[in-house]
Amino acid sequence: MDFAIVDTETRDQKQFRQEVRDWLEKNVPEDRKQPVDSRDLDSDDYQWVLAFRRALGKKGWLYPTFPKEYGGGGLTGDHESIIEEEITRSNALRIGVTPQMVFPGIQVWGTEEQRQRFLKPLVTGEKACWYKMTEPQSGADLAGIQTHAVRDGDDWLITGQNVFISSGTGDDRPDWLYGLAITDPNAPRHRNMGMFMIPFPSPGLEIRSMNLLTNGDESHFIFLDNVRVPGDHLIGGDHQGWQVGSTSREVEHGGAGRAAPRDPVMENLVEYAKTTKVNGVTLGKNPVVQQATMDAYTDAHVQALMLKRTYWLYHNRMEVQHEGHMANVHGRDSSLRQTLRAREVMKMYSLLGTKEPGAPHGGAEEVDQRQKAGQNHAGGSTNIIRVILARRIGISRTEERAPVTPATAGQITG
Ligand SMILES: Cc1cc2nc3c(=O)[nH]c(=O)nc-3n(C[C@H](O)[C@H](O)[C@H](O)COP(=O)(O)OP(=O)(O)OC[C@H]3O[C@@H](n4cnc5c(N)ncnc54)[C@H](O)[C@@H]3O)c2cc1C
């Protein structure tokens, strides 16, 4: 792909865009458009999303840049950008099914047999897998997990507890949980754990909704009581879980960038400033509103460029060191600033929810203020990302390089 800021779409790319757009118009009915508040989604919507993903998977459009032998499209980053933009444009329902950070660990550290068995059905959308890391006592300090796995013949028996494990809509369940467990309590930290694909359902494994203000019943408690997991469900060696997880976390923290980022809050604010009149005067002419809206506009564009740059580096198989984490910090901080600007520009109207008549943009700003508070913490919290960033640019007590990713391991198509 080319890291272009201006429109340089070729004739083939324009044709491909039209093909994707036509297909989406046929396959996304009006009653399957994303509601403003994801808390309004239910299991019926989830079933539709699963079928939609399978249909995308058949065309190679679900994970376009994954190699074909693992169920992907074998396409380029440009194709992926077009697909992502067109899916966003179609406003098709979005529900978490398999978080993207499940894939890298299996891609890089799994055996060929495991890639075929686990990765391929996830990439085609046939199966679902959740990312099971955080425990009640270990979130930011992930190496402090207490979940443990004990050998029993060829199998492992896993016992422990997790919180905040997110995907689905309440009663929906995955086929596997991808998660860490201590395999050797006597080994040093970071060399004492393994990464497992835990089948669901399994005796002793229970999943319960958390029902959070931020993302409703999308987050879950998980309880494991001597859950039997076959030996060939261990990804990497039985002391290599930290390395497997680091490969996943690198992508979770932004190390793969984003193909087609956009900021609906900024778009809404610009539209609101342009179209709202107060005492017959367009709101955007008010200097205070103008300043806030332009700050939102600038932040959104800086963020999009940073994400695209990382995406470009990743898809050109260059080493991404600090770029992903830097975009992550900027993205989280600026997303909170955007909610503040929504309050400055829209005043109390920004607090009207989806059920309130007269709420601008169907209540999107109220939902956004709630969700951003949670998103700011998900995936390791901003402080931790800053700690890693400092290590990457050499101003920390310790220094580190980025772990191997699917891009540097040659597991993407470009
Ligand atoms: C909406 C949402 C979805 C989530 N989805 C998932 C999921 O699917 N799977 C999953 O495994 N987890 C998930 N999480 C959990 C998330 O990864 C954790 O919340 C996060 O890692 C922080 O852990 P904690 O909540 O235990 O905070 P704590 O670890 O208790 O940290 C509290 C505060 O202290 C700071 N802190 C802690 N240690 C340090 C340090 N050494 N240096 C500087 N600051 C520090 C943290 O930055 C944070 O601000 C989700 C969380 C949310 C909110």
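Residues numbered from 1 in each chain as written. Predicted model: local features only at pLDDT ≥ 70, side-chain atom pairs only at ≥ 80, totals over all residues. Heavy atoms only, no water.

Student: Please give an account of the domain arrangement of the protein chain that cites residues and values.
Tutor: By the assigned domains, the protein chain splits into domain 1 (11-95), domain 2 (128-240) and domain 3 (253-392). Using C-alpha coordinates to define each centre, domain 1 is positioned 29 Å away from domain 2. Contacts between domain 1 and domain 2 engage 6 residues on the former and 10 residues on the latter. Between domain 1 and domain 2 the total buried area reaches about 580 Å² when both faces are included, carbon and sulfur atoms providing 53% of it. Ranking the residues of domain 1 by area buried against domain 2 places R39, S43 and Y46 at the top, with a combined share of 69%. Taken together, domain 1 and domain 2 are joined by 0 salt bridges. Of the residues that constitute the side of domain 1 that touches domain 2, the class distribution is 3 nonpolar, 1 polar and 2 charged. (Domains from an automatic or database assignment. Contact = heavy atoms within 4.5 Å. Buried area = accessible area lost by both parts, 1.4 Å probe. Salt bridge = Lys/Arg side-chain N within 4 Å of Asp/Glu carboxyl O. Nonpolar A, V, L, I, M, F, W, Y, C, P; charged D, E, K, R; others polar.)

Student: Any details on the environment of E113? Residues and values, ideally.
Tutor: Along the chain, the position of E113 falls in helix α5 (residues 112-123). Expressed as a C-alpha distance, the spacing of E113 and D232, which sit 119 residues apart in the sequence, is 9.5 Å. Within the structure, E113 has its side chain in polar contact with the side chain of R117 (distance 2.8 Å). (Helix = DSSP H or I, 4+ residues; strand = E, 2+ residues; numbered from the N terminus. Polar contact = N/O pair within 3.5 Å; in protein donor to acceptor, adjacent residues only side chain to side chain.)

Student: Now, about the site of the ligand: what can you tell me, with residues and values included?
Tutor: What surrounds the ligand is a group of 17 residues, the closest being Y131, T134, A140, F164 and S381. Protein contacts shield 67% of the accessible area of the ligand, which totals 970 Å² for the unbound molecule. If you list the elements that add at least two residues to the shell around the ligand, you get β3 (155-166) and α11 (381-392). A per-class count over the shell around the ligand returns 7 nonpolar, 10 polar and no charged. Summarising the domain contributions, the shell around the ligand has at least three residues from each of domain 2 (128-240) and domain 3 (253-392). (Near = heavy atom within 4 Å. Areas by Shrake-Rupley, 256 points an atom, 1.4 Å probe, with all protein chains shown as cover.)

Student: Which residues make up the pattern of salt bridges, and what values go with them?
Tutor: For the structure shown, the criterion picks out 28 salt bridges. A salt bridge links E400 to R391; its shortest N-O distance comes to 3.6 Å. In this structure R391 comes out as partly exposed when scored by relative accessible area, which is 25%. Within the structure, one salt-bridge network assembled from shared partners comprises E9, R17, R21, E85 and E86. (Buried < 20%, exposed > 50% of the residue type's maximum accessible area, 1.4 Å probe, protein only.)

Student: An account of the packing of aromatic side chains is needed here, citing residue identities and associated values.
Tutor: The relation between two aromatic rings is expressed through the spacing of the ring centres and the mutual angle of the planes. Taken as a whole and assessed by the stated rule, the structure comprises 11 aromatic pairs. Each ring, one from W23 and one from W61, has its centre 5.7 Å from the other, and the planes form 80°; the classification is edge-to-face. Remark: W61 occurs in the loop between α2 (43-59) and α3 (77-90) and W23 occurs in helix α1 (residues 11-27); sequence separation between them is 38 residues. Here W23 and W61 have matching classes, each one buried. Consider the rings of W156 and F196, whose centres lie 5.5 Å apart with planes at 70°: the pair is edge-to-face. One end of the pair, W156, is in strand β3; the other, F196, is in strand β5 (residues 193-199), and 40 residues separate them in sequence. A relative accessible area of 3% places W156 in the buried class. You can call F196 buried: its relative accessible area is 0%. (Phe/Tyr/Trp six-rings, centres within 6.5 Å; stacked < 30°, edge-to-face > 60°.)

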